[in-house]
Amino acid sequence: MINLYFSFLAISAYPLLSGQYLHYAHNIIITGATGCGKTYLACALGQQACEQHHTVKYYRLGQLLDELNIGHADGSYRQQLVQLAKKKLLILDDWGMEK
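Note that the structure is predicted; figures quoted are calculated from it, not measured.

## Concerning the packing of aromatic side chains
Tallied over the full model, the rule gives zero aromatic pairs. It is Lys 57 that lies over the ring of Tyr 59; its NZ or CZ is 5.1 Å from the centre.

Take a look at the structure:
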């Protein structure tokens, strides 16, 4: 797991810039204060992955959970999970920001 801490940026930049983390299926957790650019960085990594021809999906966590709950109700839950599993990069944003 690669951790980014905005207060002192204790990271090795090469795996992120090269997209190497995708080939090894590493997770990235971006933490920091409100307004410091976490979403911007996550989207930049997503754009970079797209440019490298990887499949990417961005969700606000609340939106994903709502869609999965609806999938449970209408019977499409397994298909939703299959579609999510096909993505090389899944960006989940705004943990804890919504009810």
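## As for the pattern of salt bridges
Applying the stated criterion across every chain, the model contains one salt bridge. Ionic pairing is found between Arg 60 and Asp 94, a salt bridge with its closest N-O pair at 2.2 Å. Taken together, the residues Arg 60 in strand 3 (residues 56-60) and Asp 94 in the segment after strand 4 (89-93) connect sequence positions 34 residues apart.

## Observations concerning the layout of surface pockets
Taking a probe equal in size to a water molecule and rolling it over the atoms shows the remaining empty space. Its volume calculated, the largest pocket comes out at about 860 Å³. Together, 26 residues line the largest pocket, and Ile 28, Ile 29, Ile 30, Leu 92 and Trp 95 are the ones closest to its centre. Elements supplying a minimum of two residues to the lining of the largest pocket: helix 2 (20-23), strand 2 (28-31), helix 3 (38-51) and strand 4. When residues in the lining of the largest pocket are grouped by element, the largest group, five residues, is from strand 4.

## Details of the confidence of the model for the protein chain
Across the protein chain, the average pLDDT comes to 85, with 84% of residues at or above 70. Ranking the elements of the protein chain by mean pLDDT puts strand 1 (residues 2-5) last with 48 and helix 5 (residues 77-85) first with 97.

## Some thoughts on the side chain of Asp 93
Following the sequence through the fold, Asp 93 ends up in strand 4. It is Arg 60 that comes nearest to the buried, bridge-free Asp 93 among opposite-charge side chains, at 5.9 Å. Within the structure, Asp 93 has its side chain in polar contact with the side chain of Thr 39 (distance 2.7 Å). There is a polar contact of 2.5 Å between the side chain of Asp 93 and the side chain of Tyr 58.

## Considerations on the nonpolar core
Of all hydrophobic cores here, the largest spans eight residues; its members are Leu 16, Tyr 21, Leu 22, Ala 42, Leu 45, Ala 49, Leu 89 and Ile 91. Sorting the residues of this core by element identifies helix 2, helix 3 and strand 4 as the ones contributing at least two each. With three residues, helix 3 is the largest single contributor of residues to this core.

The rules behind each value
Position numbers for residues count from 1 along each chain, tracking the sequence in the order it is written. Since the coordinates come from a predicted model, pLDDT governs what is reported: local features require at least 70, and pairs of side-chain atoms require 80 or more to be given and counted, while whole-chain, interface and lining totals use all residues. Water and hydrogen atoms were dropped before computing side-chain values, which therefore reflect all heavy atoms in the structure. Pairing of aromatic side chains here covers Phe, Tyr and the six-membered ring of Trp, requires ring centres within 6.5 Å, and sorts the geometry by plane angle: under 30 degrees stacked, over 60 edge-to-face, intermediate tilted. Two limits define a charge over a ring: the Lys NZ or Arg CZ must be within 6 Å of the ring centre, and within 35 degrees of the ring normal. Salt bridges, as used here, are contacts in which a Lys or Arg side-chain nitrogen is within 4 Å of a carboxyl oxygen on Asp or Glu. Labels follow the DSSP assignment, with helices taken as runs of H or I lasting at least four residues and strands as runs of E lasting at least two, numbered in each case from the N terminus. The distinction between a cavity and a pocket rests on a 1 Å grid over the protein atoms alone: a 1.4 Å probe fits inside a cavity but cannot get out, while a pocket stays open yet meets protein on both sides within 12 Å along at least five of seven lines, and a residue with an atom within 4 Å of a point counts as lining. Grid points are joined across faces, edges and corners, and a volume is the space filled by probe spheres set on the points. Scored between 0 and 100, pLDDT is the confidence that the predictor attaches to each residue. Think of it in three bands: with a 1.4 Å probe and only protein chains considered, a residue is buried below 20% of the maximum accessible area for its type, exposed above 50%, and partly exposed in between. Only four residue types enter the tally: Lys and Arg on the positive side, Asp and Glu on the negative side, with His and both chain ends excluded. N or O atoms closer than or at 3.5 Å make up a polar contact, with two conditions inside protein: a donor-capable atom paired with an acceptor-capable one, and, for residues adjacent in sequence, both atoms drawn from side chains. Here, the term nonpolar core denotes a set of buried Ala, Val, Leu, Ile, Met, Phe, Trp, Tyr and Cys residues that are joined through side-chain atoms within 4.5 Å.

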